[in-house]
Amino acid sequence: MTNANSIVQLRNISRRFGRIQALDNIDLDISPGKIIGLLGANGAGKSTLLRHIIGLYLPDTGKCTTFGTDAARLAPKELARIGYVHQEGELLGWMSVKQLIRYVSAYYSNWNRQLEEKYIDDFDISIKDRVGALSPGQRQKLAILLAIAFEPELLILDEPASALDPIARSRFLDLLLHIIQDEKRTIIISSHILSDVEKVIDHTLIMRKGKILRDCSFDALREEFVKVTLTSLNGDLPADLPFENIVDCQRNNTKAVLTVQKYSQDQLHDKAKAINCDIEIRPLSLEEIYKAVAG
Amino acid sequence: MTILQANLKHLYQRKGFWLIAIGLGLVAPMGIMAIVDGEQASFMVFAAWIYIAAGFTSALQVEVLARPFSWSLPAHAGIPVKFLFCIGISVSLFWSAAFLFYPAPTLAEHLLSSVSVFFAGTIFYWLGAWVVFRFPNWVSAIVLVPILMVYGRYLDLNALLERVIVDAWFAVILSGGLVNFLAWRHWSRPHMARKYCGRPWLGAFDAWNKAKISEFQQARLAQKNKAIPTVLPHVEKFFLDRITDRTGPNTAQYIWGGLYRSFGLIASRKKDCIRFWLVMLPLLCFLGYMGPGANILFIMPGIMVANMSLHVRSTLLVSGGRTERFWSALSVAAATTLLATAIVTLMAALTIPLQATMPELTIKGQSFVYRAMEIKLFFIPLCMMPVTLTIALIFYKYPRLMMGVVMMIFVFAMQVSWFLRILPIHPKEPGPIQIIIIITLILLCCWAIFTAVLRHICMRRCLVR
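Everything numeric in this text was worked out from a predicted model, so none of it was measured. (Residues numbered from 1 in each chain as written. Chains lettered and ligands numbered in written order. Predicted model: local features only at pLDDT ≥ 70, side-chain atom pairs only at ≥ 80, totals over all residues. Heavy atoms only, no water.)

Comments concerning the overall build of chain B
And step 1. When helices and strands are counted, chain B shows 20 helices and two strands.
And step 2. Here the analysis covers contacts within chain B between residues at least 6 apart in sequence; of these, 80% occur between residues at least 24 apart.
And step 3. As displayed, chain B offers around 24900 Å² of accessible surface, 72% of which is attributable to carbon and sulfur atoms.
And step 4. One way to put it: in chain B the 40 positive side-chain charges average out to a point 12 Å from where the 17 negative ones average out. (Helix = DSSP H or I, 4+ residues; strand = E, 2+ residues; numbered from the N terminus. Contact = heavy atoms within 4.5 Å. Areas by Shrake-Rupley, 256 points an atom, 1.4 Å probe, with all protein chains shown as cover. Lys, Arg positive; Asp, Glu negative; His and termini not counted. Charge placed at Lys NZ, Arg CZ, Asp CG, Glu CD.)

Quick look at the structure:
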């Protein structure tokens, strides 16, 4: 995703915590106007990567630039363009929800009161409650409100929906789609709930052990991996199926279910025809793609 | 391995408990020596030792009970009572054996006092256990023990204990048996596990664990949603008016933001302020009789500030960058130091008029004259607080180590000052100008180190816990 208009550029970023290589020579460009799904197992380096972007972490080697400024030197001017929801979001427990909103909004000249009120209504947030007394789900809703109400150009969501109930998650995804209608906005979302993420993302970053395994559009990824079901039309299936890039295979004598990579629909039909099989092709879900790439 | 054995393993698996074991292990021989020599305070040492041991072992059990997983452990319901009895009987037997050396005229009295000590030990043990199980923040109950030990001698508590345990042995044995029976019934109740499962709880060694304390406070806030005061509207307005961005982002916004986060709630709690002085005034009346020891009040802010957050490693992202975090943290540190110094100095100033009014006390033939605190020591918190804050910034991940380092540095500083005083290198006392220069230099040095460390962390280090 190399782009001259990138709002975030990471060059040879490495970061080590003791014996753990959290980030390993990462190169990345993030262009505006996308919803990027950042996927990876626990400890893959997702949160570390996101924290480098906003300058909370500093790399051991390499350089991270956000909005054209070294992430370590981000000033209020640049940070006012970034919204961040953290998975262990720190909020000020002694304030009421209303007070916390007033406190955070005081820092932003472009705080959108209408959006704030709409969000409070839509997500059923009780503004009189004390922040420390909120349930994890309510805290997460509040953290999201604080991150979006000043309409940031870059919204970084680190496990934002893990504590939300299904209805709130659905509304949250709608909200993301609403936010991205402004072409200048960019959202990076890291989540383990892949069924939700796949509804909104248009770009994927898949990480494993501090490295980026994939950095491509979601459509390209969906075209790359397909699941095919081969059913023999006459006798048993051949012992060796004529596919080279098989990611996963489950078969018996007459039927095989394969996950294959880098084949066009025509190629797959031709291969099936050659071994006298009926073929059924279906795209993979993001979860299945993730398992194929990172598993 | 039985479930009870697995629970008993906690006694050596918890590294923090080793510290307690070493402490109790060091005190026990002294207690035994006191018993053998028939010294005063031997009964007090025995009672306090068992009470403290009960506190920490019971805390281990509550920690297990508070974990949701222990609720679903099969056959775990009867373990707490067995665990507590195992320890209680063992420590009481130990002290009972020690009291076989208690100087008594006859063998029968030897044996009876020893048996009486055993049952008295179980009474103190169950008292300690009850306090821990009853109060969520039980550490404060343990803190009372040293105070009782120090002032117990004026109240003749040791003699009282001795009279009761040795002379009224029959009553002690009878009440000990009853207490043990009631304790067994109390800790065997079927709903024990349900009562403590998931309960907000500060463990034996959580006093310096900020995350645990924060979790505990959050849970307590949730329980007492309406009872706890919040920021007063005029306080909020005062700070928000200064934070609000009118002319574009500037550092002052973030300084006021940091001050609001640190002092917003404190400034709103007028009743707590009144309560503080209501507690402090009688304390000042008492402190004056401690002689130079009263000046310990000047050291307290330097220790108490160890757990204070300067919001350097905060993930609540407002639009402040690293530079803004630095100035905000520095301002909060300076404001806290000035406030604490002002309060302590005011307290010291209040002891001056008290000196003229407080009477001379005579307790057991010993005279106690009220002396005002030395107000000229006001510079101590000004120097100590940046040192503590520097250590807290460096050792933020290891709160117990941080506290240890803070204590070591201050003890070292006191030793050095004492050593310098006894060295014959100063033929005459330094004059006031010299003292002012020396104190100013120390003050500047402390603050320069703190500022340098804070700036290094804010600008060059990761800002996530």
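From this point on, the discussion continues.
Some remarks on the sheet that holds strand E14 (residues 277-283) of chain A
Residues and elements named next belong to chain A.
And step 1. Strands sit in the order E12-E13-E11-E14 across an open sheet of four strands; the sheet is antiparallel. Unpaired on one side and paired on the other, strand E12 (246-251) and E14 mark the two borders of the sheet. The sheet shows a mean angle of 20 degrees between the axes of neighbouring strands, taken without regard to direction.
And step 2. In the sheet, E12 pairs with strand E13 (residues 255-261) via five bridges, with the strands oriented antiparallel. Counted as the bridge partner of Cys249 is Leu258 from E13. (Pairing = 2+ DSSP bridges. Axes fitted to C-alpha atoms, helices over the stretch in contact; angles between N-to-C directions.)

Some points on the interface of chain A and chain B
And step 1. Residue-level contacts link 37 residues of chain A with 39 residues of chain B.
And step 2. Across the chain A/chain B interface, buried area totals approximately 3400 Å², and carbon plus sulfur atoms make up 60% of it.
And step 3. Per-residue buried area on chain A facing chain B is highest for A:Trp94, A:Tyr107 and A:Arg130; these three make up 23% of the total on that side.
And step 4. Counting across the interface, chain A meets chain B through one salt bridge.
And step 5. Run the count over chain A and chain B and you get six residue pairs in polar contact (both at pLDDT 80 or more).
And step 6. Within the residue set of the side of chain A that touches chain B, elements represented by two or more residues are helix H2 (76-79), strand E6 (82-85), helix H3 (97-105) and helix H5 (136-148) of chain A. (Buried area = accessible area lost by both parts, 1.4 Å probe. Salt bridge = Lys/Arg side-chain N within 4 Å of Asp/Glu carboxyl O. Polar contact = N/O pair within 3.5 Å; in protein donor to acceptor, adjacent residues only side chain to side chain.)

Quick word on the domain arrangement of chain A
All names here are of chain A.
And step 1. If you check the domain split of chain A, you get domain 1 (8-209) and domain 2 (223-294).
And step 2. Distance from the C-alpha centre of domain 1 to the C-alpha centre of domain 2: 38 Å.
And step 3. At the boundary of domain 1 with domain 2, total buried surface from both sides reaches about 700 Å², with 74% on carbon and sulfur atoms.
And step 4. The largest share of the area that domain 1 buries against domain 2 comes from Leu194, Glu198 and Ile206, three residues that together contribute 60% of it.
And step 5. Linking domain 1 with domain 2 are zero salt bridges, by the criterion used here.
And step 6. Applying the counting criterion to the domain 1 and domain 2 interface returns three residue pairs in polar contact (both at pLDDT 80 or more).
And step 7. Broken down by secondary-structure element, the contributors of at least two residues to the side of domain 1 that touches domain 2 are strand E3 (35-40), helix H7 (194-197) and strand E9 (203-208).
And step 8. Looking at the side of domain 1 that touches domain 2 element by element, the count peaks at three residues for E9.
And step 9. For the side of domain 1 that touches domain 2, the per-class residue count stands at six nonpolar, two polar and two charged. (Domains from an automatic or database assignment. Nonpolar A, V, L, I, M, F, W, Y, C, P; charged D, E, K, R; others polar.)

Let's talk about the packing of aromatic side chains
And step 1. Per the stated rule, a full pass over the model turns up 36 aromatic pairs over all chains.
And step 2. On the numbers, 5.2 Å between centres and 85 degrees between planes, the contact of B:Phe118 with B:Phe119 is edge-to-face.
And step 3. Taking relative accessible area as the criterion, B:Phe118 reaches 16% and is therefore assigned buried.
And step 4. Between B:Trp447 and B:Phe450 the ring centres are 5.6 Å apart and the planes differ by 90 degrees, which places this aromatic pair in the edge-to-face class. Of the two residues, B:Trp447 and B:Phe450 both sit in helix H20 (residues 432-460), three residues apart, roughly one turn of that helix. Accessibility classification places B:Trp447 together with B:Phe450 in one group, the buried group.
And step 5. An aromatic cluster is built from A:Trp94, A:Tyr103, A:Tyr107, B:Phe238, B:Phe239, B:Tyr254, B:Trp256 and B:Tyr260, whose rings are joined through pairwise contacts.
And step 6. Sitting over the ring of B:Tyr396, B:Arg313 keeps its end group 3.5 Å from the ring centre. (Phe/Tyr/Trp six-rings, centres within 6.5 Å; stacked < 30°, edge-to-face > 60°. Buried < 20%, exposed > 50% of the residue type's maximum accessible area, 1.4 Å probe, protein only. Lys NZ or Arg CZ within 6 Å of the ring centre and 35° of its normal.)

So, the nonpolar core
And step 1. Within the largest apolar cluster, 125 residues are counted, with the highest numbers of intra-cluster contacts made by A:Leu100, A:Tyr103, A:Leu142, A:Phe172, A:Leu176 and B:Leu310.
And step 2. There are two domains that each give this core at least three residues, and those are domain 1 (8-209) and domain 2 (223-294) of chain A.
And step 3. In this view, A:Leu142 contacts A:Leu91, A:Val97, A:Leu100, A:Ile101, A:Ile125, A:Val131 and A:Leu134; residues no more than four positions away in its chain are not counted. (Core = buried A, V, L, I, M, F, W, Y, C linked by side-chain atoms within 4.5 Å.)

Here's the deal with the pairing of strand E10 (residues 211-217) of chain A
Residues and elements named next belong to chain A.
And step 1. Relative to E10, E9 runs antiparallel, the two being bridged by six bridges. Note on E10: the bridge partner recorded for Leu205 is Asp215.
And step 2. In textbook terms, the turn of a hairpin is the stretch between consecutive antiparallel strands, and for E9 and E10 this stretch comprises two residues, one of which, Lys209, has a positive phi near 50 degrees.

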